[in-house]
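Below, each chain spelled out in residue letters.
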Amino acid sequence: MVFSSFFFIMSTNVEANTGLNIGEEAPDFKLKDLNGKTVRLSDYRGKSVMINFWATWCPPCKKEMLDIETFSKKKQDHWIVLAVNVDGGNEKGVRQFVKERNLTFPILIDNNDMVSNQYDILSIPTTFFLNEDGIIIKKGFTMLTLQQMMEMTKD
């Protein structure tokens, strides 16, 4: 079971003892979105990407999603948001969640936890911020507010 943590990293000088670290290349992955389209992280090389791991049953994830929607609209010219759902086969529930909140950024389904395992996800929400070269520049291990997202992605 994954538990939410109250720890986030905003500096390249501080790193977690587990998982992927700032300065590492983010592993490429391939997942389907809610429309059945295959999405590869490498398709976004040359763009800044925010990858958020979340679940519909996670209270902090629920709260964070509306801020992620606002962030995706405010930063749409500079940042791509990819939300990786780890509900494990609850696609109907994910669709309902997305519809109720009018989310417009890509929702990717990680049914078998392949990508969350690849990224060593231990708690949700967990968020990675990648530069144009696919390098992890910041990461968060808790619910991020819109203000924190904006601060972490300042040019």
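The model shown is predicted, which means the values in this text are computed figures rather than measured ones.

## Considerations on the state of the cysteines
Structurally, a disulfide amounts to a covalent bond that connects the sulfur atoms of two cysteines. Taken as a whole and judged by the stated rule, the model has one disulfide. The residue that forms a disulfide with C58 is C61, at a sulfur-sulfur distance of 2.5 Å. Here the S-S torsion is close to 75°, and the disulfide linking C58 with C61 is therefore right-handed. For C61, a relative accessible area of 0% gives the class buried.

## So, the pairing of strand β4 (residues 48-54)
Of all seven residues in β4, seven are buried, a share of seventy percent or more. Bridge analysis of β4 against strand β5 (residues 79-85) gives seven bridges, and the strand direction is parallel. Of the residues in β5, the one forming a bridge with I51 is L82. In this structure, β4 lies alongside strand β7 (residues 126-130), joined through five bridges in antiparallel fashion. For F53, the partnering residue across the bridge sits in β7 and is T126.

## Topic: helix α1 (residues 59-74)
Each α-helix turn comprises 3.6 residues. Residues three or four places apart therefore point the same way. Under the 1.5 Å per step criterion, the end-to-end length of α1 is 24 Å for 16 residues, consistent within 8% with the ideal 22 Å. Turning to α1, its buried residues number three or more, namely P60, C61, E64, M65, I68, E69, F71 and S72. Structurally, α1 contributes buried residues whose contacts are with β4, β5, α2 (91-101), β7 and α4 (146-152).

## Brief notes about empty space enclosed by the protein
Per the counting criterion, the structure on display carries one cavity of 30 Å³ or more. As a volume, the largest cavity reaches approximately 50 Å³. Taken together, the residues of the lining of the largest cavity break down into four nonpolar, three polar and three charged.

## Regarding the layout of surface pockets
Empty space within the largest pocket amounts to approximately 190 Å³. Lining of the largest pocket is provided by 14 residues; of these, K47, S48, H78, W79 and E132 occupy positions nearest its centre. Partitioning the lining of the largest pocket into residue classes produces four nonpolar, five polar and five charged.

Criteria and cut-off values
Residues numbered from 1 in each chain as written. Predicted model: local features only at pLDDT ≥ 70, side-chain atom pairs only at ≥ 80, totals over all residues. Heavy atoms only, no water. Disulfide = S-S within 2.5 Å. Buried < 20%, exposed > 50% of the residue type's maximum accessible area, 1.4 Å probe, protein only. Helix = DSSP H or I, 4+ residues; strand = E, 2+ residues; numbered from the N terminus. Pairing = 2+ DSSP bridges. Expected span 1.5 Å × (residues − 1). Contact = heavy atoms within 4.5 Å. 1 Å grid on protein atoms, 1.4 Å probe; cavity = no way out; pocket = protein on both sides within 12 Å on 5 of 7 lines; lining within 4 Å. Points joined across faces, edges and corners; volume = space filled by probe spheres on them. Nonpolar A, V, L, I, M, F, W, Y, C, P; charged D, E, K, R; others polar.

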